[in-house]
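# Analysis of the macromolecular model
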Amino acid sequence: MAPIDTSKKPIVWVLGGPGSGKGTQCEKIIAKYGFTHLSTGDLLRAEVKSGSDRAKCLTAIMERGELVPNDVVLDLLKEAIMARAEESKGFLIDGYPREKSQGIAFEKSIAPVTVIIYFEASSDTLTKRLLGRAASSGRADDNEDTIKLRLKTFLQNNDLVLAQYPEKLKRINAEDSVDSIFSQVQQILDPLVAA
């Protein structure tokens, strides 16, 4: 398999805590730039539905409440990127890497990341947004205690990921309005696709 030429097809890691607006901004990026959006959660769910041998193994792991091994997640990402490498204008990798070792493995086996967009918001803001979402979604994991644990875990791991890419990291204030945030995103992405 040929490696991806990231000078022509940027690879963008989209990071931010739960409730930071990653999903909303990814939709806007896809609409404007035509990038391929890859979420590890979506890839895992699609693989489980496929009924493959790997799907049976994944189902067993998830039913035990365990995390899917990094190498399996990386294989799914690599396959998805390679399958779309010809027609894609770039890749948005949503919510990955979640820990330092995942970033290192991604760059070794797929391609170097072009830029990391980190949607930064205070824990208070994220908690309020998630509680607001809980009121309409009825999700059992959107209660204040669970949210605090999710945020703590995210921040501990995320700081280690961000620390290893100071030159590629672009922080965006995710406390702003959706349009103001997207205008900051465009300032980052426009130069990458202008070539």
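Below is a short write-up of the structure. The residue count restarts for each chain, going from 1 along the sequence in the order it is written. Local features in this predicted model are restricted to residues whose pLDDT is 70 or higher, and side-chain atom pairs enter the listing and the counts only when it is 80 or higher, whereas totals over whole chains, interfaces and linings include all residues. Neither water nor hydrogens contribute to the side-chain values; these are computed over all heavy atoms in the structure.

## Things to note about the overall build of the protein chain
Put simply, the rule reads: Going along the chain from the N terminus, every DSSP run of H or I of four or more residues is numbered as a helix, and every run of E of two or more is numbered as a strand. As defined in this context, the radius of gyration uses C-alpha atoms, and a globule is described by 2.2 Å times the residue total to the power 0.38. Exposure classes here rest on a 1.4 Å probe applied to the protein chains alone. A residue is buried below 20% of its type maximum, exposed above 50%, and partly exposed in between. Note that accessible areas follow from Shrake-Rupley with a 1.4 Å probe, and for residues the cover is restricted to the protein chains shown. In summary, the charge assignment counts Lys and Arg as positive and Asp and Glu as negative, without counting His or the chain termini. All charge positions are set by atom: Lys at NZ, Arg at CZ, Asp at CG, Glu at CD.
Of regular secondary structure, the protein chain possesses eight helices and five strands. Beginning at the N terminus, the succession of helices and strands in the protein chain can be written as β-α-β-α-α-α-β-α-β-α-α-β-α. Computed over C-alpha atoms, the radius of gyration of the protein chain comes to 17 Å, within 12% of the 16 Å expected from 2.2 N^0.38 for 195 residues, which places it in the range of a compact globule. Projecting the C-alpha coordinates of the protein chain onto the three principal axes gives extents of approximately 45 × 45 × 30 Å. A buried classification covers 41% of the 195 residues belonging to the protein chain. For the protein chain, the computed accessible surface area is about 10,400 Å², with 53% contributed by carbon and sulfur atoms. Looking at charge distribution, the protein chain has the averaged site of its 26 positive side-chain charges lying 1 Å from that of its 27 negative ones.

## Here's the deal with the packing of aromatic side chains
As a reminder of what qualifies: Here is the rule: rings of Phe, Tyr and Trp (six-membered ring for Trp) pair when centre to centre is within 6.5 Å. Planes less than 30 degrees apart are stacked, more than 60 are edge-to-face, and the remainder are tilted. Geometrically, a charge over a ring is one whose NZ (Lys) or CZ (Arg) sits within 6 Å of the ring centre while staying within 35 degrees of the ring normal.
Considering all chains together, one arrives at four aromatic pairs under this definition. Seen from their ring centres, Trp-13 and Phe-106 are 5.4 Å apart, and the 80° between their planes marks the pair as edge-to-face. Of this pair, Trp-13 sits in strand β1 (residues 11-16) while Phe-106 sits in helix α5 (residues 100-109), and the two are 93 residues apart along the sequence. Side by side, Trp-13 and Phe-106 carry an identical accessibility label, which is buried. For the ring pair Tyr-33 and Phe-35, a centre distance of 5.7 Å and an interplane angle of 45° mean the geometry is tilted. According to the relative accessible area criterion, Tyr-33 is buried, its value standing at 8%. Note that Lys-28 overlies the ring of Phe-182, its terminal NZ or CZ placed 5.3 Å from the centroid.

## Remarks on the side chain of Thr-127
How we decide: Should any heavy atoms of two residues lie within 4.5 Å, those residues are considered in contact.
Structurally, Thr-127 can be placed in helix α6 (residues 123-137). Note on Thr-127: relative accessible area 11%, which makes it buried. With residues near it in sequence (within four places) discarded, Thr-127 still touches Glu-144, Ile-147 and Leu-151.

Functional significance is not addressed by these values, which are geometric in nature.
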